[in-house]
Amino acid sequence: MKTLLILFVLIHLDKLLRTGRCTETQDQILSITPKTQEQVHILKNISSQYETSLWQPVSSHYIKEETEVHLFVPANSSDTVKDLLQKGAIIHEVLLSNANELIEMQTRNDSTDPRSSSTFYERYHSLEDIFYWINRTQQDNPTTVRAILLGSSYEKRPLYALKLSLNNSLNKKAMWIDCGIHAREWISPAFCLWFVQYALAFYKINQDITDILDNMDVYILPVMNPDGYEYTWTTNRMWRKNRSVSRSSNCIGVDLNRNFDANWCTEGASDEPCSEIYCGAYPESEAESRAVADFLRSHKDSVQLYLSIHSYSQMLLFPYSCTLEEAENHKDLLEMVQEAAQVIRRHYRNTYKYGSGAKTIYLAPGGSDDWAYKLGIKYSFTFELQDRGRYGFLLPPSHISKACNEALIAVKTIALKVIKKTQTSKSSVQTD
Ligand code: 0X9
Ligand code: ZN
């Protein structure tokens, strides 16, 4: 017993001597607002040279004066980064001091918990669990749900979309929802699962979802970037891109939301493989974006509404992001997101910004929403779900239900509007 006690003290003494602290530093998220050009320069340098991960903005290219930066700093870079900030007289605030704990909380396997099935949709799930869930969902709903294999990822994982078809009326239109383009945005796949369970459970119970499903089939792709998602579970929680190997560099991954054919790789994307916004070798060079684009091309006559789910920052965006020009139905799209944001505010007292992508956040070409719009899907949106930086990509599981419910109400608002508008335009065509 005595020996054990001495051993325990020695281990902790060693830790204390190594770190100079009683409690070990954890990975942290810092909030920093550079005030001068010089500070912008220092911050760009820190975020690109040191082992950190930019949360906001997505690339150091966008860092500018008086604009808040969220930076993930792993414990082993903490002292260096803080020294550099101090030398540049840059003030920082610690947004999260315990990132490791939060990550651990999100990946804990709770399946032994007796409440586990009732809280299934309020937890994050590994890719393996999601594949299992896809299979189960189609088996349990053989007449209404079908899994469609769209293709496979770079690492040869299947890309499964679910087709929800609750009503057999002829010439039904459809909507598309994809989740998980960006690997670290875990609330996004959680939303796709949430939406499916809600649709199946509340058809014929809730009027809005019934109206939507009576008029539209839903194609829903829960994880568009399975390789990246798996990597965030096993190796690096902050990974964003896919996992494809570049011919010209040792850096891995393409930003799938810069790889579509919409002003591809112009300002707001990078042709540098090490960048978080690398556009890839050519449009649709990636297996994942290619599979989605092929599917939508072959269903473009029926798909009227395209939705892509991301996080974080609470925004409802529409085309264009690849140019500052306005989309031809800009007014319609603006009206729709405005109403959706109002509904969220009324029901959940939460604020969502809205507008065209380029004017609301930044120029970001090669995105799936702009590409779908250019293909002819005139109602095309990207949602950035919760939160606004308190937890960022590490949104705790206890926030999943609110984040998903407010996104769901926004989807309902927009889908019902699309149905109304397309029905009116159909009947006005007929009466003309
Ligand atoms: O930059 C992105 O791809 C999205 N933001 S995120 O923080 N989730 O990475 C915004 C996408 C807006 N739409 C397009 N860029 N087309
Ligand atoms: Zn994203």
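Residues numbered from 1 in each chain as written. Chains lettered and ligands numbered in written order. Predicted model: local features only at pLDDT ≥ 70, side-chain atom pairs only at ≥ 80, totals over all residues. Heavy atoms only, no water.

Asks: Can you help me understand the site of ligand 1 in this one?
Replies: Ligand 1 sits among 15 residues. The nearest are Arg240, Arg258, Tyr362, Asp369 and Glu384. Note that a nitrogen atom of ligand 1 is positioned 3.4 Å from one of the backbone N or O atoms of Ser311. The separation between a nitrogen atom of ligand 1 and a polar main-chain atom of Ala364 is 3.0 Å. Within the complex, the protein chains bury 96% of what would otherwise be the 410 Å² of accessible surface of ligand 1. Of all elements in the fold, only strand 9 (303–311) and helix 12 (368–375) reach the threshold of two or more residues within the shell around ligand 1. Looking at the shell around ligand 1 residue by residue, the classes come out as 3 nonpolar, 6 polar and 6 charged. (Near = heavy atom within 4 Å. Polar contact = N/O pair within 3.5 Å; in protein donor to acceptor, adjacent residues only side chain to side chain. Areas by Shrake-Rupley, 256 points an atom, 1.4 Å probe, with all protein chains shown as cover. Helix = DSSP H or I, 4+ residues; strand = E, 2+ residues; numbered from the N terminus. Nonpolar A, V, L, I, M, F, W, Y, C, P; charged D, E, K, R; others polar.)

Asks: How should the packing of helix 6 (residues 187–202) against helix 7 (residues 207–215) be read in this particular structure?
Replies: For the pair helix 6 and helix 7, the least separation of the axes is 9 Å and the interaxial angle reads 95°. Considered as vectors, helix 6 and helix 7 are oriented roughly perpendicular to each other. Counted together, Phe195, Tyr198, Ala199 and Phe202 of helix 6 and Ile209, Thr210 and Leu213 of helix 7 form the full contact between these two elements. Counted by class, the contact of helix 6 with helix 7 contains 6 nonpolar, 1 polar and no charged residues. (Axes fitted to C-alpha atoms, helices over the stretch in contact; angles between N-to-C directions. Parallel < 35°, antiparallel > 145°, perpendicular 65-115°, else oblique. Contact = heavy atoms within 4.5 Å.)

Asks: Can you help me understand the state of the cysteines in this one?
Replies: Formally, a disulfide is one covalent bond, and it connects the sulfur atom of one cysteine to the sulfur atom of another. This model, assessed by the stated rule, comprises 3 disulfides. Residue pairing for Cys179: its cysteine sulfur links by disulfide to Cys192, the two sulfurs lying 2.1 Å apart. Around the S-S axis, the bridge from Cys179 to Cys192 shows a dihedral of about 85° and counts as right-handed. Placement of Cys179 in strand 7 (residues 173–179) and of Cys192 in helix 6 is noted, with a sequence separation of 13 residues between them. Cys322 takes part in no disulfide bond, and the closest cysteine sulfur, belonging to Cys265, lies 13 Å away. Of all cysteine sulfurs in the structure, the one in Cys179 sits closest to Cys404, which takes part in no disulfide; the separation is 8.7 Å. (Disulfide = S-S within 2.5 Å.)

Asks: Help me out: how do you make sense of the packing of aromatic side chains in this one?
Replies: Ring pairs (aromatic) are described by centroid distance and by the angle formed between their planes. One pass over the structure, following the stated rule, counts 18 aromatic pairs. Every member of this aromatic cluster is reached through a ring pair, and the members are Trp55, Phe72, Tyr312 and Phe393. Above the plane of the ring of Trp186 lies Arg237, whose end atom (NZ or CZ) is 3.7 Å from the centre. In this structure, Arg243 is placed above the aromatic ring of Trp239, and the distance from its NZ or CZ to the ring centre is 4.7 Å. (Phe/Tyr/Trp six-rings, centres within 6.5 Å; stacked < 30°, edge-to-face > 60°. Lys NZ or Arg CZ within 6 Å of the ring centre and 35° of its normal.)

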